[in-house]
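In case you want the letters, here they are:
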Amino acid sequence: MEFEREVDARGLTCPLPILRTKKMLAEMKPGQIVRVLATDPGSVKDFQAFAKQTGNELLSQSETADQAFEFFLKRK
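Residues numbered from 1 in each chain as written. Predicted model: local features only at pLDDT ≥ 70, side-chain atom pairs only at ≥ 80, totals over all residues. Heavy atoms only, no water.

A. Here's a closer look at helix H1 (residues 16–26). Here H1 has its buried residues at Pro-17, Ile-18, Thr-21, Met-24 and Leu-25. All buried residues of H1 lie within an arc of 130° about the axis, which places them on one face of the element. Residues of H1 that are exposed and point over 90 degrees away from its buried face: Lys-22, Lys-23 and Ala-26. Buried residues in H1 make contact with strand S1 (5–9), strand S2 (33–38), helix H2 (43–54) and strand S4 (69–74). (Buried < 20%, exposed > 50% of the residue type's maximum accessible area, 1.4 Å probe, protein only. Helix = DSSP H or I, 4+ residues; strand = E, 2+ residues; numbered from the N terminus. Arc of directions from axis to C-beta. Contact = heavy atoms within 4.5 Å.)

If you want it as structure tokens, here you go:
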């Protein structure tokens, strides 16, 4: 999937992946996509809740070959 920005939150625990993503989304234009990489297992539920609360769209989430979680969010 194509994306404009990326947040590498690997090795960080809650709430840092969400906070860094929130900061990045604030700098982006509506419709742009950010890719987030995280290793915290709690980030799966965190990003689902974050998208629902903020109105940003969680386009996809998956686990990468190197045990990280990958999220694509679209700025509202």
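B. A look at the sheet that holds S1. Pairing in this open sheet of four strands is mixed, and the strands run S1-S2-S4-S3 from one edge to the other. The strands lining the two open edges of the sheet, one partner per strand, are S1 and strand S3 (57–63). Averaged over neighbouring strand pairs, the angle between their axes works out to 15° when direction is ignored. In terms of strand pairing, S3 meets S4 through six bridges, oriented antiparallel. Within the sheet, the bridge partner assigned to Leu-58 lies in S4 and is Leu-73. (Pairing = 2+ DSSP bridges. Axes fitted to C-alpha atoms, helices over the stretch in contact; angles between N-to-C directions.)

C. The arrangement of the side chain of Thr-21 in detail. Mapped onto the fold, Thr-21 is located in helix H1. Leaving out residues up to four positions away in the same chain, Thr-21 has contacts with Val-7, Val-34, Val-36, Phe-47, Phe-50 and Leu-73.

D. How the structure looks around the packing of aromatic side chains. According to the stated counting rule, one finds three aromatic pairs in the structure shown. With a centroid separation of 6.4 Å and 80° between ring planes, the pair formed by Phe-47 and Phe-50 is classed as edge-to-face. Linking Phe-47 with Phe-50, this pair stays in helix H2, spanning three residues, or about one helical turn. Each member of the pair, Phe-47 as well as Phe-50, is classed as buried. Three or more aromatic residues link up through ring pairs in this structure, and these residues are Phe-47, Phe-50 and Phe-71. (Phe/Tyr/Trp six-rings, centres within 6.5 Å; stacked < 30°, edge-to-face > 60°.)

E. Structural context of the environment of Val-36. Tracing the sequence through the fold places Val-36 in strand S2. For Val-36, a relative accessible area of 0% translates into the label buried. Residues Val-36 and Arg-5, 31 residues apart in the sequence, show an inter-C-alpha distance of 8.7 Å. Not counting residues up to four positions away in its chain, the partners in contact with Val-36 are Val-7, Thr-21, Phe-47, Phe-69, Glu-70, Phe-71 and Leu-73.

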